[in-house]
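One letter stands for each residue in the lines below.
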Amino acid sequence: MRDRYKVGSAEYGRINDALKALGHNGDGNGVVVTVGGDDPNGSTTEVNDKGITVTFGRNLLDARRDIKDSQAASDLTGAVAHEGSHVSKGQVWLKDRKEQKTFDVEVLAYTTQVDMHRQFNSMMREQGKGPYELEMLNGDREGSTTVIYSQGWSEVDVRTAIGTFLERSPKYRLTPQSKDLAFPTKKKGK
Ligand SMILES: [Zn+2]
């Protein structure tokens, strides 16, 4: 999908970094990709001295979920873009060990996810479907959600919505002032 953005554009760069970082299974880039984890719908990236492990929830890769189904496709490409972005930053950290704030790392990952979603929408449009909003489950008991992308939104709109989501979600509770560091990841990855 990165080919739909112009080479050299910020969107292309973010998606390209994420996909390159994830690499291909067994290509020796040191990234282990697994399926499973605690949350069947979620995905996590763990970065520590031992290396990088990405885990995709079972439902994301469930063979019974038809990938032609737009929600299934959006969930999977979104997770790949998001975790790929974490892997890319994790690889930087493994090299330079410079502190990276969790807030910044999550903003980048969700921005990359939105880049991918916009490309997903342009593919869907060719099939006469969509456009679809990108709606995140906040992860509270009420099952509330935050929309982080909707058709026609500017970059600033997306950035503001991602900020709102990161602050609102009990999984994150992050603001630009949060001192929380991304790497090495704590046991419960995000
Ligand atoms: Zn994340």
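That block above? That's the structure.
Our subject in this report is the structure included herewith.

Thresholds applied
Along every chain, residues carry numbers that run from 1 in the direction the sequence is written. Selection of residues for local features in this predicted model requires a pLDDT of at least 70, selection of side-chain atom pairs for listing and counting requires 80 or more, and totals for whole chains, interfaces and linings are taken over all residues. Comment: elements are numbered from the N terminus, with helices defined as DSSP H or I runs of at least four residues and strands as E runs of at least two. Every helix has an expected span of 1.5 Å times one less than the residues it contains. Put simply, a nonpolar core is a cluster of buried Ala, Val, Leu, Ile, Met, Phe, Trp, Tyr and Cys residues tied together by C-beta atoms within 7 Å. Three exposure classes are used, all based on how many other C-beta atoms lie within 10 Å of a residue's own C-beta (placed from the backbone): buried at 20 or more, exposed at 12 or fewer, and partly exposed between those limits. Any pair of residues counts as being in contact when their C-beta atoms, constructed from backbone geometry, are within 7 Å of one another. Should DSSP find at least two bridges between two strands, the strands are regarded as paired. Angles run from 0 to 180 degrees between N-to-C directions of axes, and those axes are lines fitted to C-alpha atoms, restricted for helices to the stretch in contact.

Digging into helix H3 (residues 102-126)
For H3, built from 25 residues, the straight-helix expectation of 36 Å at 1.5 Å per residue is met to within 8% by its first-to-last C-alpha distance of 37 Å. The first or second residue beyond H3 is Gly128, which carries a positive phi of 75 degrees.

Regarding the nonpolar core
In terms of nonpolar packing, the biggest core is built from 37 residues, with Leu22, Ile148 and Ile162 touching the most fellow members. Every element with two or more residues in this core is listed here: helix H1 (10-22), strand S3 (51-56), helix H2 (70-96), H3, strand S4 (134-137), strand S5 (145-149) and helix H4 (155-168). Ranked by residue count, the leading element in this core is H3, at nine residues. Apart from the residues lying within four places of it in its own chain, the contact partners of Ile162 are Val107, Tyr110, Thr111 and Ile148.

Here's the deal with unusual backbone geometry
The step from Gly130 to Pro131 runs through a cis peptide bond, and the omega angle for that step is 0 degrees. The peptide bond linking Phe183 to Pro184 adopts the cis configuration, its omega dihedral lying at -5 degrees. Relative to the helices and strands, Pro184 is located in the segment after H4. Here Arg97, not a glycine, exhibits a phi torsion of approximately 60 degrees, which is positive. For Arg97, the position within the fold is in the loop between H2 and H3. At Arg173, a position not held by glycine, the phi torsion is positive, near 50 degrees.

So, the sheet that holds strand S1 (residues 31-35)
Here three strands make up an open sheet; going across it, the order is S1-S3-S2 and the pairing mixed. The open sheet has two edge strands, S1 and strand S2 (43-48), and neither has a second partner. Mean inter-strand twist for the sheet, computed between neighbouring axes without regard to direction, equals 15 degrees. For S2 and S3, the ladder comprises six bridges, and the chain directions are antiparallel.

What about H1?
Given 3.6 residues per helical turn, the α-helix brings residues three or four places apart onto the same face. For H1, with 13 residues, the first-to-last C-alpha span of 19 Å sits near the 18 Å given by 1.5 Å per residue. Inspection of H1 places Arg14, Ile15, Asp17, Ala18, Leu19, Ala21 and Leu22 among the buried residues, and these make up the whole buried set. The first or second residue beyond H1 is Gly23, which carries a positive phi of 65 degrees.

Fair warning: the whole summary comes from geometry, so function is off the table for now.
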